[in-house]
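Each chain, written out:
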Amino acid sequence: MRKTDPFGGYFFHQGKSGLSAYEEAVRLTKEMLMAEVATHLTPYSGKTPLELEKASQNLMLVSQKGEAINDVLSDLQETILHHTVRVSHPKNIAHLHCPPLIASLAAEMMISVLNQSMDSWDQSPSATYAEVEMVRWFCRKFGYSLASDGIFTSGGTQSNYMGLLLARDHFCQTQFKWDVQTKGLPREAHRMRILCSENAHFTVRQSAAQLGLGEEAVIPVKTDEDFRLCLKDLDKKLNQLFEEGLFPFAIVATCGTTDFGSIDPIARIAERAKKNQLWLHVDAAYGGALILSDRHRFKLHGIGEADSIAVDFHKLFYQPISCGAFLLKEGSHLQLITLHADYLNPKVDEWEGIVNLVGKSTQTTRRFDALKILASLRIVGVENFGKMIDHTIDLANEVANLIKGIPDFEVITGTPELNAVVFRYITGMGDVDKENQLNREIQQSLLQQGSAVIAKTSVHGKTCLKFTLLNPRTKLSDVEEVLQEISLLGKKLTVNKSDIAG
Ligand SMILES: *Cc1c(COP(=O)(O)O)cnc(C)c1O
């Protein structure tokens, strides 16, 4: 006899087969994750790339008939889960890579089950309006008027790209009466310039390249001793550009550089942008979260003057990857990039007041990621978000002070404005090349031991170590232990080296 619903156990639906299969999958997955997290005593298992590559070789022995979910889950746990970097461990302090809030994990379940697609209203009826409301909420927070608009993005990369895309098209429209979307780049495009600090994110250069302006269109402005954009140099560079007959059209201010968490003087930059009719894009991928902190919000002073803002929720807002937003002071500027597809967002929809978000994005099919930050804000509460952020900044300052007092170390960041601390292990011999090698080896050894996951970076030719203290559950004692390990490793590796040399 033929089964009436042969695929019923593969999908989530109201029938008995769907409900029970779903329930079992969720229960088993939850049990596996809870068992897995119980083994996470260190932030990484310590497996080497070679070991992982070898262990992965049997992953794709796909069977024709399918396997029991339990068997597959055990294999995945053994081969993959156990050797992931454990983002919620307090000693995972390397990158802008956050532990996700439980509220957002609940929302993620809903997002994938409901599987709304944010491109057209008929694929995301209520979700469209939820995203619109979420965007409005953030626009208001950043001081934008009702004329503002925005869209959820995959993160800072896409948001920065969109900011510069609109800046480019807006400039060509107003300056040359040229529509880039239909005609391509104008002849003058090779003379267009973007300014940003030399510590701005690499995606500014990447965007310039993708926008047909070339990386050399990005003019790096010097930074001060705290790695913030230097206004004097900005003025100098601007004058030079105008004198050379070039067209500076955009400034990117960074609110929280990826390495140092330093925040450019946004209000003062905004004055210059206004005076010279430049588009101001604020890359607040990292620091935008300060908007929720009563103690640190003042650091974003002037951000409401920006023409566009990039904010990431998968960093200091503790959301699962990916989740970000692009916010725009003048929502009407989005028309510069809106294309109309008959099957998704025909013009007649617009006349009838139907909102199809596809016209505001550089993506078509898009996840309902707005739901997770919405649920998190409501469940956790704005005040608690603020407290968590404050805690991480306090911790970063305590750690910076602690490191200053230890002769084995040199601190590179001054006073942390966010929660990054950059420093290096020093031998006291002043041999920079040797110390660079040593710091590299320290970072790698910690990862191989699995005892701490920290980052490395390079500052003025010096290899440095970096803590990004995003996790509000990381305590000073955790960081103290990591520092002790670094000291020990530094000494051990120095001795090994002199052995070899001798
Ligand atoms: C992380 C980051 C980006 C890139 O954002 P993604 O979310 O990784 O695409 C851009 N700018 C800054 C300052 C960042 O910290």
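Residues numbered from 1 in each chain as written. Predicted model: local features only at pLDDT ≥ 70, side-chain atom pairs only at ≥ 80, totals over all residues. Heavy atoms only, no water.

This paragraph deals with the sheet that holds strand β5 (residues 279-284). The strand order β1-β7-β6-β5-β4-β2-β3 describes an open sheet built from 7 strands, whose pairing is mixed. Of all strands in the sheet, those bounded by a partner on one side alone are β1 (149-153) and β3 (218-221). Here the average twist between neighbouring strands, direction ignored, is 20°. Relative to strand β4 (residues 247-254), strand β2 (residues 192-197) is paired through 5 bridges, and the arrangement is parallel. (Pairing = 2+ DSSP bridges. Helix = DSSP H or I, 4+ residues; strand = E, 2+ residues; numbered from the N terminus. Axes fitted to C-alpha atoms, helices over the stretch in contact; angles between N-to-C directions.)

Turning our eyes to something else, we now look at the domain arrangement of the chain. Per the domain assignment, the segments making up the chain are domain 1 (108-380) and domain 2 (382-501). Each of domain 1 and domain 2 was reduced to a C-alpha centroid, and the two centroids are 32 Å apart. In this assembly, 27 residues from domain 1 lie in contact with 25 residues from domain 2. The salt bridge involving R228 is made with E417; its shortest N-O contact spans 3.5 Å. Counting across the domain 1 and domain 2 interface gives 10 residue pairs in polar contact (both at pLDDT 80 or more). If you tally residues by element for the side of domain 1 that touches domain 2, the top one is helix α12 (residues 370-380), at 3 residues. Among the residues forming the side of domain 1 that touches domain 2, the class breakdown is 13 nonpolar, 8 polar and 6 charged. (Domains from an automatic or database assignment. Contact = heavy atoms within 4.5 Å. Salt bridge = Lys/Arg side-chain N within 4 Å of Asp/Glu carboxyl O. Polar contact = N/O pair within 3.5 Å; in protein donor to acceptor, adjacent residues only side chain to side chain. Nonpolar A, V, L, I, M, F, W, Y, C, P; charged D, E, K, R; others polar.)

Moving on: a nonpolar patch on the surface. Together, F12, L19, M110, V113 and L114 give the surface a local cluster of nonpolar side chains, amounting to about 430 Å² of exposed area. If one sorts the elements of the nonpolar patch by residue count, helix α4 (residues 102-114) sits on top with 3 residues. Structurally, V113 can be placed in helix α4. Among the residues examined, V113 registers a relative accessible area of 35% and is labelled partly exposed. (Patch = residues over 30% accessible without salt bridge, like charges linked within 9 Å, V, L, I, M, F, W, Y side chains within 5 Å. Areas by Shrake-Rupley, 256 points an atom, 1.4 Å probe, with all protein chains shown as cover. Buried < 20%, exposed > 50% of the residue type's maximum accessible area, 1.4 Å probe, protein only.)

Moving on to the pairing of strand β9 (residues 420-425). Counting buried residues along β9, 6 of its 6 residues qualify, which places the element largely inside the surrounding structure. Residues of β9 alternate between two faces, with A420, V422 and R424 on one and V421, F423 and Y425 on the opposite face, all of them buried. Sheet topology note: the strand β8 (residues 409-411)/β9 ladder contains 3 bridges and is antiparallel. From the neighbouring strand, F409 faces β9, where its bridge partner is Y425. Taken together, the 4 bridges between β9 and strand β11 (residues 462-468) define a ladder with antiparallel strand orientation. Each residue of the ladder has a partner; that of V421, found in β11, is F467.

A few words on the side chain of D307. Mapped onto the elements, D307 comes out in the loop between β5 and β6 (308-312). For the buried D307, no salt bridge is present, and the opposite-charge side chain at shortest range is K329, 4.7 Å distant. Setting aside chain neighbours within four positions, we find D307 in contact with Y144, L278, W279, L280, L327, L328 and K329. (Lys, Arg positive; Asp, Glu negative; His and termini not counted.)

Moving on: the packing of α4 against α12. For the pair α4 and α12, interaxial distance at closest approach is 8 Å and the crossing angle is 145°. Seen along the crossing, α4 lies across α12 with a hand that is right-handed. Counted together, A103, S104, A107, E108, M110 and I111 of α4 and L371, K372, A375, S376, I379 and V380 of α12 form the full contact between these two elements. When its residues are assigned to classes, the contact of α4 with α12 shows 8 nonpolar, 2 polar and 2 charged. (Left-handed = near helix turned anticlockwise from the far one by under 90°.)

As enumerated under the stated definition, the model contains 16 aromatic pairs in all. Seen from their ring centres, F409 and F423 are 5.5 Å apart, and the 85° between their planes marks the pair as edge-to-face. Of the two residues, F409 sits in strand β8 while F423 sits in strand β9, which places them 14 residues apart along the sequence. By relative accessible area, F409 is classed as buried at 6%. Assessed through its relative accessible area of 0%, F423 is described here as buried. Across from the ring centre of W178, 4.4 Å away, lies the NZ or CZ of K183, which sits over that ring. (Phe/Tyr/Trp six-rings, centres within 6.5 Å; stacked < 30°, edge-to-face > 60°. Lys NZ or Arg CZ within 6 Å of the ring centre and 35° of its normal.)

The next thing to look at is helix α13 (residues 382-404). Taking 1.5 Å per residue, 23 residues should reach 33 Å; α13 reaches 33 Å between its end C-alpha atoms and fits that length. Residues of α13 that are buried: F385, G386, M388, I389, D390, T392, I393, L395, A396, V399, A400 and I403. (Expected span 1.5 Å × (residues − 1).)

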